[in-house]
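# Analysis of the macromolecular model
Now for the letters of each chain:
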Amino acid sequence: MNGFVKRFYCLGLILFLSNLLFGQTPYPNPPESVVKTMIYDPNNRLYYQVSNDDKYLYISIYKHENSKKLLMPGGVQYYFSVQGERDTTKLSRLTFPAYSDKNEWIGRTLVHVDRFADIRSRYLSSPNELDIRTSVEHNRLVENNPYRSQLIVPLSMIKPVGNSIDICIVLRGIRTKPLEEGTVAPVIVSKPPFKGITKEKMDEMVDLDTWTENWITYVLQ
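About the criteria used
Residues numbered from 1 in each chain as written. Predicted model: local features only at pLDDT ≥ 70, side-chain atom pairs only at ≥ 80, totals over all residues. Heavy atoms only, no water. Buried < 20%, exposed > 50% of the residue type's maximum accessible area, 1.4 Å probe, protein only. Helix = DSSP H or I, 4+ residues; strand = E, 2+ residues; numbered from the N terminus. Pairing = 2+ DSSP bridges. Axes fitted to C-alpha atoms, helices over the stretch in contact; angles between N-to-C directions. Core = buried A, V, L, I, M, F, W, Y, C linked by side-chain atoms within 4.5 Å. Contact = heavy atoms within 4.5 Å. Salt bridge = Lys/Arg side-chain N within 4 Å of Asp/Glu carboxyl O.

### Comments concerning the pairing of strand β3 (residues 56-63)
Counting buried positions over the eight residues of β3 gives eight, a clear majority of the element. Across six bridges, strand β2 (residues 46-52) lies against β3 in antiparallel orientation. Among the inter-strand pairings, Q49 is bridged to a residue of β3, identified as S60. Linking two consecutive strands that pair antiparallel, namely β2 and β3, is a turn of three residues. The pairing of β3 with strand β9 (residues 147-154) spans eight bridges and is antiparallel. Looking at the pairing, K63 lines up with Y147 of β9.

### Focus on the sheet that holds strand β7 (residues 122-124)
Spatially, six strands are ordered β7-β6-β5-β4-β10-β11 in an open sheet, and the strand pairing comes out antiparallel. Of all strands in the sheet, those with a lone pairing partner are β7 and β11 (212-219), marking the two edges. Adjacent strand axes in the sheet meet at a mean angle of 20° when their direction is disregarded. As defined by bridge partners, strand β6 (residues 111-114) adjoins β7 across three bridges and the pair is classed as antiparallel. Counterpart to V113 in the pairing with β7 is R122.

### A short note on the nonpolar core
Within soluble globular proteins, side chains that are nonpolar generally end up buried alongside one another. Counting residues in each nonpolar core, the largest one holds 33 residues, and the members touching the most others are L57, F80 and I167. Elements supplying a minimum of two residues to this core: β2, β3, β4 (76-81), β6, β9, α3 (155-158), β10 (164-171) and β11. Per element, the largest residue contribution to this core is four residues, and it comes from β10. In contact with I167, other than residues within four places in its own chain, are V50, L57, I59, Y79, F80, N214, W215, I216 and Y218.

### Comments concerning the pattern of salt bridges
Any two side chains of opposite charge can pair if their charged atoms end up close together. Counting across every chain of the model gives twelve salt bridges. For K36, the salt bridge is made with E32, and the minimal N-O distance between the two is 2.7 Å. Here E32 and K36 lie together in helix α2 (residues 32-37), a separation of four residues that amounts to about one turn. In this structure K36 comes out as exposed when scored by relative accessible area, which is 64%. D209 is paired through a salt bridge with R175; the nearest N and O atoms lie 2.9 Å apart. Taken together, the residues span a long stretch of sequence, with D209 in the loop between α5 (199-208) and β11 and R175 in the loop between β10 and α4 (186-189) at a distance of 34 residues. Residue D209 is classed as buried on the basis of its relative accessible area, which comes to 4%. The exposure class of R175 is buried, given its relative accessible area of 18%. In this structure, a network of salt bridges that share partners links the residues R45, E65, K69 and D207.

### With respect to the environment of L179
Structurally, L179 can be placed in the loop between β10 and α4. When the C-alpha atoms of L179 and W211 are compared, they prove to be 8.3 Å apart, with 32 residues separating the residues in sequence.

### Side note on the pairing of β2
For β2, the tally of buried residues reaches five of seven residues, placing the bulk of the element in the interior. By the bridge criterion, three bridges tie strand β1 (residues 39-41) to β2 in an arrangement that is antiparallel. Across the sheet, residue Y40 finds its bridge partner in β2, namely Y47. Here β1 folds back onto β2, and the loop between the two strands holds four residues, one of which, R45, carries a positive phi near 55°.

Below you can see the structure in the form of structure tokens.
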């Protein structure tokens, strides 16, 4: 485990102990506008909305449950499939927010472009020469502050061949690489010398250390 990831584990431990000592701020209820206009994803525990016009695909997410997961080194990955392929090792992807190859956090509005035909892999700010745009609303200094973001991608990059696009949203949390097959998050098998740890708090720590994903089939309008 490199130093950067260790620091995030320490951060998680600090947050964990703070919750034990001072209590945990309840997750805020999502606003009515989110509930009415966005779709809830129980796998990633967030709301999402996908739309398009003649030039762009718009992907918006709103996460109020354990929103700190989106600030961890793994970031959020978006995979795009135009022919029904769901093997993410072969698909074009965007990571947003992005981290450098050295696991240094390089900006919450930066995006990493990877595996797109005729486009070299690289990190980009917003706006950029590929016309990818990003935005984030989140106060990381406020506990359990909701995270809202939007990713705008030119359809010319995705190159849909039909009237639909399959999109996979992956929340990687603390991990830049998945757990090995047959293993579980270390926090599950650890035995911290604390009393009064609630199931909700333990579930939150496990969630930060576990990849989650959801596939969306979006029909172009």
